[in-house]
Amino acid sequence: MGGNSWWQTGPYDSDLEVAFRRAQEAELAKDDHGFPGRTVAELWESEDWAEYIFTGGTATILDQIHTVDATEPEHGPYMRPVTEEELRTWCPHGKPTFAEWEAALHADHELFPRRGLGRCTVLYENGEPSEIGYWGVTAD
């Protein structure tokens with residue numbers, strides 16, 4: 001198997017880790033994937049959850065354990081912000097709207113990372129941060 005690509009948005013916060021956690025909690029509230037009554041932190045302490053993620057996953061933001069800096073090496077399962085250079089390859093002006101981000105994801109599958117990894121970027125509306133775009137590929 002080769003992993004499945006996915007994408008979603010979450011609420012904006014200037015602290016990407018805070019935004020990431022809020023988006024994860026919202027996603028978990030929609031679907032606990034058969035692991036009821038647990039927080040995201042509790043899920044990642046479970047060997048059963050890790051096996052679930054690494055043998056199929058959720059195809060959501062729940063597949064990443066935490067965020068890392070944009071300059072961190074390609075390891076996972078982490079959510080990494082795109083670098084300014086990566087962003088400008090598909091959004092030359094540097095402040096992507098939802099529509100520009102969505103179009104880039106559909107047009108260029110190279111934007112998706114390797115299996116088990118995620119990416120994120122701030123999305124803008126009228127030049128102001130409005131939400132965070134998340135995308136990735138399941139581990140299997």
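Position labels on residues start from 1 in each chain and follow its written sequence. At least 70 in pLDDT is required for a residue's local features to be given in this predicted model, at least 80 for side-chain atom pairs to be given and counted, and no such filter applies to totals for whole chains, interfaces and linings, which use all residues. The basis for every side-chain value is the complete set of non-hydrogen atoms in the structure, without hydrogens or water.

Asks: How should the nonpolar core be read in this particular structure?
Replies: General note: in soluble globular proteins, nonpolar side chains tend to be found buried as a group. The set of buried Ala, Val, Leu, Ile, Met, Phe, Trp, Tyr and Cys residues whose side-chain atoms join them within 4.5 Å is what this entry labels a nonpolar core. To sort residues, take the accessible area from a 1.4 Å probe on protein chains only and compare it with the maximum for the residue type: under 20% means buried, over 50% means exposed, and anything in between is partly exposed. Formed by V82, L87, W90, C91, W101, A104, L105, L111, F112, L123, W135 and V137, the largest nonpolar core amounts to 12 residues. Labels follow the DSSP assignment, with helices taken as runs of H or I lasting at least four residues and strands as runs of E lasting at least two, numbered in each case from the N terminus. Where this core is concerned, the elements lending two or more residues are α4 (84-90), α5 (98-107) and β5 (128-137). The element that contributes the greatest number of residues to this core is α5, accounting for three residues. In terms of nonpolar packing, the next biggest core, distinct from the first, is built from 11 residues, A19, M79, C120 and I132 among them.

Asks: In this structure, what is going on with helix α1 (residues 16-30)? I would like to understand it.
Replies: Side chains that are three or four residues apart share a direction in an α-helix, a result of its 3.6 residues per turn. A helix's residues, less one, multiplied by 1.5 Å, set its expected span. For α1, built from 15 residues, the straight-helix expectation of 21 Å at 1.5 Å per residue is met to within 8% by its first-to-last C-alpha distance of 21 Å. Taken residue by residue, α1 has A19, F20, A23, Q24, E27 and L28 as its buried positions. Within α1, the buried residues cover an arc of 165° as seen down the axis, which keeps them to one side. Along its buried surface, α1 packs onto β1 (5-11), α2 (40-44), β2 (66-67), β3 (78-81) and β5. One side-chain oxygen of the residue at the start of α1 lies 3.0 Å from the amide nitrogen of E17, identifying that residue as D15. Arc, as used here, means the arc of the directions from the helix axis to the C-beta atoms. Here, residues are in contact when the closest pair of their heavy atoms is within 4.5 Å. Two N or O atoms count as a polar contact when they lie within 3.5 Å, although within protein this holds only if one can serve as hydrogen donor and the other as acceptor, and sequence-adjacent residues are included solely when both atoms are side-chain atoms.

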